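# Descriptive structure summary
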Amino acid sequence: MNTRIKKNLKITIISVVSFLCIIFIIIAIVINFIFTPTKLTPLVLKIANENLNARINMSSVDLTFFSSFPDFELRIENGSLISNVFNDSITRKQDSLLTFSKCAISIKPLQYIYNNKIAIKYILFDKASIYAYISKEGQANWDIISTDTTASTIDTTASSFNSDIDIKRIIFRQANFYFDDRNTDIYTHIDSLNLKMKMSLTPEISELKLSSNCKNLLFWQKGELLMNHLAIGLDTDLAANKKTKAFAIDNAKINLNGLQLAANGELKRDTTHKVLIMDIDYGLQAPSVENVLKMIPKSVIKDNKITAEGQVEMSGKIKGEYGDKKLPTVSMKLNIKDASAQYKGMPYGIDKLSADLDIFIDIMRNTPSYANLKIFKFLGAHTDILADGKVENLLGDPYITFYTKSTVDFNALAQTFPLQPGVTLGGILTANLDFKGKLSSIKAQDIGRLYVKGDVGIKNVIIKDTNKNFDFTGDASLNFSGDKALSAKASISSVILKSKIANSTIDSLSISAASPEGLPDTTKIIPLNLHVRMQKLRASLGDSIKLYSGRTEADLQSRPSKKNIKKPIFTIKLRTDSLFFKTNDAKMAMDLAGFNITTFQTRDSLWIPQGTIGFNRLYFISKDFGLPIRMKEASVNFERRTISLRQAKIRIGRSDIVATGSVHNLGRFMTKSELLSGKLNISSRRIDCNQLIAAMSSISEISEDDNMNVCDSIANEGGEMHLFVIPKNLDLELTTNVDEVTYNKMIFKNINGIVRLKDQVVNLENLSMEALDAQMKTSMLYKASNPYVAYTGFDFNINKINIGKLVDFIPELDTIVPMLRSFKGLVDFNIAAEARLDSLMNIKIPTLRSAIYIKGDSLVLLDGETFTKLAKILMFKNKKENMFDSISVNITVEDGNVKVYPFLVEIDRYRAAVGGEQKLDMTFNYHVSILKSPLPFKAGVDIYGNLDKVKFKITRAKYKNMVSPAYIQKVDSTRMNMGKVINSHFRRLINLSPRNQ
């Protein structure tokens, strides 16, 4: 018997093990060969997309069993759920319902087999973003369950799904949640949401346990920000009754920035009207004076032990309907009666604290919202505060009334509360103040409509928090009088304010303000006059803006605009002995300055100033321009965005300028890099282009007092100029009358003409000048978008210039026409050219295109090896020096080829025609046709080779018919047409129409 039992048991064990092995083998085959990620991913996508009115995307789907034994785990990577509720083809923001980096779902299959229960161990979402959207018509983007149109054909007798669902954990880690309800004009953003849920779903009752927290909640309603910087924690239990469609909230715990609240109530769904009916009561989790005092931020007060007495009642209600353009109302009541408290170890305590606050908010604005502080009473530590106030029409145009009669001893309060290290209080504040006014008056700058009566005094008040870098010190007295008009006087002996956002100090300040007595006209802005006297104001906003003003006196007046009496116009008359202003990388300083400015608000809420600024001296420097700009005894008029100058004396380094004219949009050019345009008449005794170009090239910051001579430094570097880039967003036209301009090693005098700066281009139009003992007239264009390459085009007409000085003026001529070095004398010179420049402002010869005309009389051909050989061949009388009666040469340069058109010369006993070509490698091929000579025959001479090895060959005359007046006129026309093409090209480059041609 025992043997049979053992045998049967052995067979049973072997059978079970074999069965389990077969099951595991089947599962392993299914998971590793059938439901692999490459095969499972498209299958899941197909099923999901067929059953949801949405598009599902995911990079991979993986099913595991052995690593999660005995459960199955489904892992999804980089998934997104795009709703098709509103649009089936084009994805918009409101369609992006869910995105996540990772999703894991763990299922217990045995629970379904044995208990008819779907048991989910966990559902985990990592780094998810949820965008819940409701349209104006009340349609939600999460309503994505597809309706089966074939449902009517299904046998209604089929058994319905009746299994329980148990979800142990639903986890969202570091999620971002957006709720955009266009139906009720609500927008909410929850940042860094961590959420844990536990769900149990049965046919009758469903239960949900929820725990969540977030770093910040932002809440907008009808375009107004109602809530921000709110950290929320929530723990609650929900029970849903499927028959009554009600959700019971039991003992919910809410943490709002450290304030502990408890809530209970019911949510009921009305499917007929598509609304959620809410009835929730909330209040302090443990109402006590101790918990109220714990509302003071811990960054200010230590968490010391406290003993307190008194009664505290705080309760509120959320009641009404949500959905279909409906929102519930919110109310709150706070009542503190005869409370007292004492922190352990502190010499002073709170003798009496009373408060009665009532708040009601109807976001739908069906009933006026309000906040009513019926009383606030604080007594203790030599401090007596009595206050009451009310805000009516809280969500409309709030009307504020406030009254206080208080004495605050900050020295004693510092010994009442256990302040954190770094927090310091001191001084005395007294206030007896009665205030009435609408918030709309403050927003509309209608200050004269605010009524304040009473006085406020602060004496040696100190409020510091080194942890937050906040420091306030002040001595001041303010007096307000008048029940029906604003009348105020303020005297501040010293104020120091330091914070992370802004810093300011004032040595002394006195203010008087008054508006007219009598019943005001409610349809327009109330006039207001303000007089200010101030000593040494220092202010800064962050690291970008700084302001200093010395002894200052100002009158400020506000009045209604004639075009819109509900909009104010401000006029300020200010006089100061010194003013300094810094913004970003620009600095400006003035002394003995006076302002007379009027400013008004446009339709797009921009404030437009106009008026006059006068000063004795002005200093300005910017990072983008290395030289300081100085102005002296100037008056600047501005209207809207136009600034006008009249005989403004400006000095920039070694350059001096007197400017008359106007510029537009200077402020936006400096702060927002918008277009600066203008027209100016410029006269000057001297302009040093070397220094200005170095400044614009950001070679270095150069001050006027520097001993370094920029021109000398350029000469030391080999006489090379550097490219300079004209600042963007300039459109300036300058009419010039300059006595002297220094450029490179050249000095130009008596410059007259127009200079335009536009689109990073300098354009000189018909400038006349004197240089190199010659009269010049030029048009020139220079364009550089970066410091490495530039474009230039120019047209020079020069009368009676020495050939040697001409080559010094345009060194490239020595490469283009090397024969010029063999001549001496005066010539008329005309050149139209365009080319690219390298970083040292040298012309890139391969890019040069040019048309040149040279005309001269009585030119001397200098002695040289080439001349000696030629004179010997042709048997010149004077073999050392010969003179040309006249010479008229046309030359074109294009594609690296220099072409000298045939021209007539007379030298010694010869008349000849000369022409030819020259290449970039300095090889040349010239021909001289002898038209008249002592020789008994006409012949020609070919001169070819290069400058190092010149060759001659006697040939027949080629140019016998190429020096007739008709042919020369044709050549002139060819050269002039090429010049016109060049001029037209560089004008088109900057979109300028030809002017003054």
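Refer to the structure printed above.
The residue numbering used here restarts from 1 in each chain and proceeds along that chain's sequence as written. Thresholds applied to this predicted model are a pLDDT of at least 70 for local features of residues and 80 or more for the giving and counting of side-chain atom pairs; totals over whole chains, interfaces and linings are not thresholded and use all residues. Hydrogen atoms and water are omitted, and side-chain values are computed over all heavy atoms in the structure.

## Description of the overall build of the protein chain
As a reminder, the rule being used: We count a stretch as a helix when DSSP gives it H or I for four or more residues in a row; a strand needs E for two or more, and each element gets its number in order from the N terminus. We call a residue buried when its accessible area falls under 20% of the maximum for its residue type, exposed when it is over 50%, and partly exposed in between, using a 1.4 Å probe and counting protein chains only. Calculation of accessible area relied on Shrake-Rupley with a 1.4 Å probe; when residues are assessed, cover is drawn exclusively from the protein chains displayed.
Per the secondary structure count, the protein chain includes 13 helices and 48 strands. Of all 997 residues assigned to the protein chain, the portion counted as buried reaches 41%. Total accessible area computed for the protein chain in this model is approximately 54500 Å², and 56% of it derives from carbon and sulfur atoms.

## Focus on the pattern of salt bridges
For the record, the criterion: Between Lys or Arg on one side and Asp or Glu on the other, a salt bridge is scored when a side-chain nitrogen of the former is within 4 Å of a carboxyl oxygen of the latter.
Scanning the entire structure with this criterion turns up 21 salt bridges. With a closest N to O distance of 3.3 Å, Asp 237 and Lys 209 form a salt bridge. Of the two residues, Asp 237 sits in strand S10 (residues 224-241) while Lys 209 sits in strand S9 (residues 205-221), which places them 28 residues apart along the sequence. According to the relative accessible area criterion, Asp 237 is partly exposed, its value standing at 30%. Taken together, the shared-partner salt bridges in this structure form one network comprising Asp 279, Asp 281, Lys 317 and Lys 319.

## Side note on the side chain of Glu 765
Heads up, the condition is: Whenever two N or O atoms come within 3.5 Å, that pair is a polar contact, provided that in protein one can donate a hydrogen and the other can accept it, and provided that, for residues adjacent in sequence, both atoms are side-chain atoms.
You can see Glu 765 is positioned in strand S37 (residues 761-771). On the basis of relative accessible area, Glu 765 is assigned to the buried category, the value being 3%. In this structure the side chain of Glu 765 is engaged in a polar contact, spanning 3.1 Å, whose partner is the side chain of Asn 763.

## Thoughts on the environment of Phe 595
Threshold: Whether two residues touch is decided by their heavy atoms; if any such pair falls within 4.5 Å, the residues are in contact.
Residue position: Phe 595 is located in strand S29 (residues 586-601). For Phe 595, a relative accessible area of 16% translates into the label buried. For the pair Phe 595 and Gly 614, spaced 19 residues apart in sequence, the C-alpha to C-alpha distance is 6.6 Å. Ignoring sequence-local partners within four residues, the contact set of Phe 595 consists of Ile 572, Lys 573, Leu 574, Leu 579, Met 590, Thr 612 and Ile 613.

## Focus on unusual backbone geometry
You will see that Asn 729, though not glycine, has its phi angle at about 60 degrees, which is positive. Relative to the assigned elements, Asn 729 resides in the loop between helix H9 (710-716) and strand S35 (730-743). On the basis of relative accessible area, Asn 729 is assigned to the partly exposed category, the value being 33%. The phi angle at Asn 766 is positive, at roughly 50 degrees, despite the residue not being glycine. Looking at where Asn 766 falls in the secondary structure, it is placed in strand S37.

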